[in-house]
Amino acid sequence: RKLRRRAMCRLAAAMALGVAVRSADVVHEEVVRTAMFGSCNKQYREQPLWEVMLRHEPEAFFWIGDAVYPNRSDAEALRRALATQRERRDYQAFVSRVPVVEGTWDDHDLGVNDGGRRVPELESRRRSFLEFVGGFPRTYSSHEFRGAHDGQRALVVLLDTRSFRDDHLVPSVGAAC
């Protein structure tokens, strides 16, 4: 009986997502053959993957969290880390050749390990990240692409799972770093 209830809840959630699929925030009419996703990027280290990824000629790239790792937890350190990444020549070359570069944030993009809704200056930090990725994240955002195979459509859904997150009961392993 519990299993059946759980299955019904999953079905209801899938149906609700199905409604969202019909109305993407951004509809890209260009054909997309290659979309890439990236995370856990350290702006202070070498980043040879931008050039490698360009060889695959992606039409879209989505940050899915931790685009930077600030060296302190204040909002200014976050702004500097984002600026450092944005100003890298290898990253600029990548962004200039990939038509869609957007994403959503995770804790280090807030500037605080395991950060959530109680992070100081949350709105200022959000604006800094929005400037970095060009307008997103929101609670929910979606991009619809026309695929190369028989005109099929693909949907990329980005969720903000940080702005409303409560504090962890048990800190993550990374909290000591």
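Heads up: the structure comes first, above all this text.
Source: prediction; values computed, not measured. (Residues numbered from 1 in each chain as written. Predicted model: local features only at pLDDT ≥ 70, side-chain atom pairs only at ≥ 80, totals over all residues. Heavy atoms only, no water.)

1. Re helix 6 (residues 122-133)
Since the α-helix packs 3.6 residues into each turn, any two residues three or four apart lie on the same face. Taking 1.5 Å of rise per residue, the 12 residues of helix 6 would be expected to cover 16 Å, and the 16 Å separating its terminal C-alpha atoms lies within 8% of that figure. Among all positions of helix 6, only L122, S124, R125, R126, S128, F129, F132 and V133 are buried. The secondary structure elements touched by the buried residues of helix 6 are strand 3 (60-63), helix 3 (75-87), helix 4 (89-97), strand 4 (100-103) and helix 5 (107-110). Looking at the residues trailing helix 6, positive phi occurs at G134, about 85 degrees. (Helix = DSSP H or I, 4+ residues; strand = E, 2+ residues; numbered from the N terminus. Expected span 1.5 Å × (residues − 1). Buried < 20%, exposed > 50% of the residue type's maximum accessible area, 1.4 Å probe, protein only. Contact = heavy atoms within 4.5 Å.)

2. Thoughts on the pairing of strand 3
Of the two faces of strand 3, the one lined by A60 and F62 and the one lined by F61 and W63 are each fully buried. The pairing of strand 2 (residues 35-38) with strand 3 spans four bridges and is classified as parallel. Among the inter-strand pairings, G38 is bridged to a residue of strand 3, identified as W63. Once you follow strand 2 into helix 2 (residues 49-54) and on to strand 3, the crossover reads as right-handed. Pairing of strand 3 with strand 4, which is carried by four bridges, proceeds in the parallel orientation. Residue F61 lies in a different strand from strand 4, and its bridge partner there is V101. (Pairing = 2+ DSSP bridges. Right-handed = clockwise from strand over helix to strand, strands pointing away.)

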